[in-house]
Structure formats: structure tokens, C-alpha cells
Amino acid sequence: MKQDYNRIALVGIEQEEYDTIKASYSGHIIWHQSIPKIIVKEEVLYMEKANGIGMLPVDKVVYYGIYDNDFDFISGLAIWKGACYPNAAAMLDCRFKIPCLVKALSLSRFCAPRGFISAGTSINVTEDTVAKWGNWHCGENKHRFTGEWESEFTATIEPYYDGEAVRIMMIGDTYWQIKLEGDTWLKSIHPDHAGFMTVDPDLLADTLHIKNTLQMDMIGNDYIVAKDGSKYLLEVNHIPNITRFEEVKQVYLSTIIEWIK
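Residues numbered from 1 in each chain as written. Predicted model: local features only at pLDDT ≥ 70, side-chain atom pairs only at ≥ 80, totals over all residues. Heavy atoms only, no water.

A short note on the sheet that holds strand β8 (residues 115-117)
The strand order across the open sheet built from four strands is β8-β11-β9-β10, with neighbouring strands paired in antiparallel fashion. Strands at the two margins of the open sheet, each flanked by one partner only, are β8 and β10 (142-151). Strand-to-strand twist across the sheet, computed as the mean angle between neighbouring axes with direction ignored, equals 40°. Bridging between β8 and strand β11 (residues 155-159) involves three bridges; their strand directions are antiparallel. Across the sheet, Gly115 pairs through a bridge with Ile157, a residue of β11. (Pairing = 2+ DSSP bridges. Helix = DSSP H or I, 4+ residues; strand = E, 2+ residues; numbered from the N terminus. Axes fitted to C-alpha atoms, helices over the stretch in contact; angles between N-to-C directions.)

Some words on the pairing of strand β1 (residues 7-11)
When you tally the buried positions in β1, you get five out of five residues, the bulk of the element. Alternating positions in β1 separate into two faces, Arg7, Ala9 and Val11 on one and Ile8 and Leu10 on the other, with burial throughout. The pairing of β1 with strand β2 (residues 28-32) spans five bridges and is classified as parallel. For Ala9, the partnering residue across the bridge sits in β2 and is Ile30. Crossover handedness for the path β1 to helix α1 (residues 15-24) to β2: right-handed. Here β1 pairs with strand β6 (residues 60-63) via four bridges, running parallel. In the sheet register, Ala9 faces β6, and the bridge partner there is Val61. (Buried < 20%, exposed > 50% of the residue type's maximum accessible area, 1.4 Å probe, protein only. Right-handed = clockwise from strand over helix to strand, strands pointing away.)

A short note on the packing of α1 against helix α6 (residues 246-260)
The N-to-C vectors of α1 and α6 enclose an angle of 35°; their axes lie 10 Å apart at closest approach. For α1 against α6, the interelement crossing comes out right-handed. In this structure, α1 uses Glu16, Glu17, Thr20, Ile21 and Ser24 to contact α6, whose residues at the interface are Lys249, Leu253, Ile256, Ile257 and Ile260. When grouped by side-chain class, the residues that make up the contact of α1 with α6 number five nonpolar, two polar and three charged. (Left-handed = near helix turned anticlockwise from the far one by under 90°. Contact = heavy atoms within 4.5 Å. Nonpolar A, V, L, I, M, F, W, Y, C, P; charged D, E, K, R; others polar.)

Description of unusual backbone geometry
At the junction of Tyr85 and Pro86, the peptide bond is cis and its omega measures out at -5° in the coordinates. Of note, Glu42 is a non-glycine position whose phi angle comes to about 50°, a positive value. For Glu42, the position within the fold is in the loop between β3 (38-41) and β4 (44-48). Classification of Glu42 as exposed rests on a relative accessible area of 71%. Phi is positive for Lys81, close to 65°, though the residue is something other than glycine. You can see Lys81 is positioned in the loop between α2 (70-80) and β7 (83-85). Residue classification places Lys81 among the exposed residues on the basis of a relative accessible area of 75%.

A look at the packing of aromatic side chains
Taken as a whole and assessed by the stated rule, the structure comprises 13 aromatic pairs. Residues Phe71 and Phe96 carry aromatic rings whose centres are separated by 4.2 Å and whose planes lie at 15° to one another, so their mutual orientation is stacked. Within this pair, whereas Phe71 is found in helix α2, its partner Phe96 is found in the loop between α3 (88-94) and α4 (97-107), the two being separated by 25 residues in sequence. For Phe71, a relative accessible area of 25% corresponds to the partly exposed category. Phe96 gets classed as partly exposed once you look at its relative accessible area, which sits at 33%. On the basis of an interplanar angle of 15° and a centroid distance of 5.7 Å, the ring pair of Trp133 and Phe153 is categorised as stacked. Within this pair, whereas Trp133 is found in strand β9 (residues 121-133), its partner Phe153 is found in the loop between β10 and β11, the two being separated by 20 residues in sequence. What makes Trp133 buried here is its relative accessible area of 13%. Accessibility expressed as a relative area gives 38% for Phe153, which makes it partly exposed. Ring pairing ties together the aromatic residues Trp133, Phe145, Trp149 and Phe153, which thus form one cluster. The aromatic ring of Tyr160 is capped on one face by Arg144, whose charged end is 3.6 Å from the ring centroid. (Phe/Tyr/Trp six-rings, centres within 6.5 Å; stacked < 30°, edge-to-face > 60°. Lys NZ or Arg CZ within 6 Å of the ring centre and 35° of its normal.)

Spelled out as C-alpha cells, the structure:
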């Protein structure tokens with residue numbers, strides 16, 4: 001029988017969310033706001049103390065964040081196969097943006113062909129085109145161009161779709177559709193006028209299919225709804241922003257607290 005250590009780990013959780021979780025949990029908590037060192041030994045996960053020297057065994061891990069060096073950490077959680085929210089194996093599948101996109105496009109009803117360009121390579125296009133590179137899911141590392149362009153990085157390329165940018169976001173079984181906004185062609189959830197809107201049942205079904213197939217606990221799928229009504233999946237966010245909207249944050253916290261208990 002697996003031993004209960006009465007200890008959880010919170011990695012990447014901010015102070016306010018930590019305080020809420022701590023108030024509802026009577027056991028011990030290891031709290032890190034950066035990637036900690038871990039050991040997996042005989043199916044037990046040991047994590048370095050937040051203060052002091054040494055490592056302690058934990059029963060469950062809550063991970064929230066995207067860090068430069070988190071892929072190996074998530075790999076360790078997946079090898080452990082213990083209780084992790086979100087599911088560590090699913091996070092591993094979705095952490096690198098291009099491989100995740102390949103998986104998602106094979107599952108989505110709203111896929112469209114993508115191009116690809118190696119770092120240090122030039123391409124010439126006649127249509128309005130967008131290149132995307134890197135593994136940050138935060139609206140950065142994108143370039144819109146027509147004509148000849150040399151990519152400094154390995155990137156995907158896709159047509160520029162003129163239309164409404166939206167996100168279908170799910171935490172567990174709770175979902176929202178968010179209209180993305182921005183002063184330029186780059187849209188995100190951060191502008192003040194971004195907000196909730198009526199949920200498109202087709203986009204919701206598409207997101208749910210991807211979420212379930214990839215065994216994700218939470219997901220944020222970005223789509224474009226073009227002016228002619230066509231819909232296109234742009235990208236999958238495996239750690240969507242939960243702090244921008246209070247309603248989303250409260251659902252996240254209640255989900256985490258219920259999962260821990």
C-alpha cells in the first residue's frame with residue numbers, strides 16, 4: 001500500500017493562490033515559485049525543501065507556470081506517475097509548441113495546412129503570412145510578412161486569417177469563450193476590453209475532443225473565426241492564464257482544492 005506523507009507541493013503558484021490553498025489544507029506544503037530539484041526513487045517523489053537543505057517526499061504536486069527549464073522537471077513528474085495537476089504526461093506532450101500543434105491539428109475539425117522553415121533559412125511568399133517560433137504561449141515570437149523573409153529560428157508558417165480571435169478555455173468540466181483583443185493584429189486575453197462571450201458549440205466540441213484525447217486537465221485553445229465564418233485552430237495552451245479573470249481563478253482554485261482533498 002502506498003504511504004501517505006501528508007505533504008503536497010505547489011510549484012509556480014503565486015502568493016494569493018498559495019494562501020487560498022493553504023487555508024483549506026491541513027497537511028504540510030512545499031512551495032516553490034521556481035523549478036525545484038527532485039528525485040524519483042522507488043516510485044516516490046522527493047522534492048527539495050523550500051527552505052533549508054534536503055528533500056522530502058510528497059503525495060501530490062500542483063504545477064502552474066511556464067519556465068525556460070521546466071521540460072526536464074515535467075519529465076520527472078511524468079516518470080513518477082504520481083498525482084499531479086495538471087496531468088504531467090499531458091503537459092509533457094504539449095510543452096513544446098510545434099509538436100503540440102502537430103498533435104492538435106491531427107485531432108481538430110478546424111485544422112489548416114501549415115508550413116515550416118528551418119532556422120537561418122529564407123522563404124518568399126506572395127500571400128499575407130505569419131511565422132511563429134519558440135515555446136512561449138504568450139503572444140510573443142510571431143512575425144507577419146509578405147515577400148521574402150529570413151527566419152532566425154525554426155518556425156511554423158501559416159496564412160494570416162483576418163477575423164475574430166477567440167479562446168475556448170476549460171478547467172475540468174467548466175468552460176468559457178473569451179474574445180481576444182489588441183491594438184494590432186496580435187490579440188490576447190490581457191487588454192481591458194477582452195472578455196467573455198457566447199460559447200460557440202462547435203469550437204467547444206473541438207476543444208473538448210482535443211482535451212480528452214490528450215488527457216489534459218485544463219486547456220486554452222485559440223481560434224480565428226474568419227469573416228466568411230470559417231474557423232481555424234491557431235494553438236493549444238497547456239497552461240492557460242487563470243489570473244486574468246476572477247471567475248476563472250475561482251474555478252481554478254476550487255478545482256485544485258477539491259482535487260487535493
